[in-house]
Amino acid sequence: SSSSSSSTSLASTSTRVAVCEEAVYTEQQLNSLALVFTIIKLAFVVGKLDLVQKLLSVVARYQSGRDLHLTTIRNENAYYCCVEQLMHEAPPPTSPQSTRTCYVLGDSHCLSPAWRQVNISVDQSVVTFALKPLLVTGVKIWHLRDESVFYPKRQFFKAVDSIPAGSVVICVLGEIDCREGLLLAVEKDRYASLEQGIETIIDIYVGILQKIISDKKLKIFVHPVVPVLNETRPLVVLFNQLLKRKLRQVSTVMYLDFFDSLLDVAGGLREEFKLDGTHIHPAYLSCVQKALDKHVITST
């Protein structure tokens, strides 16, 4: 039967994962786990949610309590943890009812809304869209500047190429710039101020979006940078303020103005929107929906 063959397949997968019950894994065992974690990540990104659930059930005992965030596979482990939390805390529907797709293009923060649904006003009608992630692992806006040759830039534009002309897109970029690049660049005197550094990044961002819109006639919404990390939140607040101000001057790009609704009275991330310490809980889509309700796009 199909169920027995599925069980056999999962058992075989479990056997092939070259790990053991010891507290510390060898390099080969870590690499095996990294491969499986990456398969889980890719399966989630392409919407194979039943497969993701089965793999998680097999792999969990090899991952739990192992401090893998301190090993050479910390990045793969981070994606595993994000997908595991999403599937456990708020699993997306396995059979979405919508017939239209809104592409969520960006870094790992495109995973939180993945495979869920939003309503968007198109002409005179409200249309339900399924949110399809287009993940570009580790991408910064800085990577997309003209002179860059770093591989996330190539992956970003391959993802853009995969989007049908005229589609609706939500862009989720900038969190890694805030976390890794901007403060260091200011410290090295690349910019006279933090504001100048942010404005430089935003100019790159807007230039890329305008080119994409011109080339592919996309309807693009810009997602604010999410305030998930306590350490970078003041920078994220400033980034979003300057991004919002810039996009007021750009008629072809729509800013999703919901950032303030993510914060509590003390300026921290609201409790119901916390997930794994690095990504936002899918419950925040209620805020996204309210922002989308303020926009109407045309079908042409």
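Above this text you will find the structure in question.
What this report covers is the structure whose coordinates are included nearby. Remember, it's a predicted structure, so these values are computed and weren't measured experimentally.

**Structural notes on the side chain of Asn240**
Of note, Asn240 is situated in helix H8 (residues 233-247). Take Asn240: its relative accessible area is 2%, and that puts it in the buried class. There is a polar contact of 2.9 Å between the side chain of Asn240 and the backbone nitrogen of Val225.

**Observations concerning the environment of Ile73**
Note on placement: Ile73 falls in the loop between helix H3 (49-63) and helix H4 (74-89). Judged by its relative accessible area of 2%, Ile73 falls in the buried class. Spatially, the C-alpha atom of Ile73 lies 7.4 Å from that of Asn31, the residues being 42 residues apart in sequence. In contact with Ile73, not counting residues within four places along its chain, are Leu30, Leu33, Ala34, Phe37 and Leu68.

**Some remarks on the nonpolar core**
One finds Phe44, Ile220 and Phe239 to be the most contacted residues of the largest nonpolar core, which totals 101 residues. The element that contributes the greatest number of residues to this core is helix H7 (residues 194-216), accounting for 10 residues. If we ignore the near neighbours within four places in the chain, the residues touching Phe44 are Leu49, Val52, Val83, Leu86, Met87, Pro92, Leu111, Ala114 and Trp115.

**Quick word on unusual backbone geometry**
Positive phi is not limited to glycine here, since Asp67 has a value of about 55°. Of note in this structure, Asp123 is not a glycine but carries a positive phi near 55°. Counting through the fold element by element, Asp123 comes out in the loop between strand S2 (117-122) and strand S3 (125-135). A relative accessible area of 36% places Asp123 in the partly exposed class.

Conventions adopted
- Residues numbered from 1 in each chain as written.
- Predicted model: local features only at pLDDT ≥ 70, side-chain atom pairs only at ≥ 80, totals over all residues.
- Heavy atoms only, no water.
- Helix = DSSP H or I, 4+ residues; strand = E, 2+ residues; numbered from the N terminus.
- Buried < 20%, exposed > 50% of the residue type's maximum accessible area, 1.4 Å probe, protein only.
- Polar contact = N/O pair within 3.5 Å; in protein donor to acceptor, adjacent residues only side chain to side chain.
- Contact = heavy atoms within 4.5 Å.
- Core = buried A, V, L, I, M, F, W, Y, C linked by side-chain atoms within 4.5 Å.

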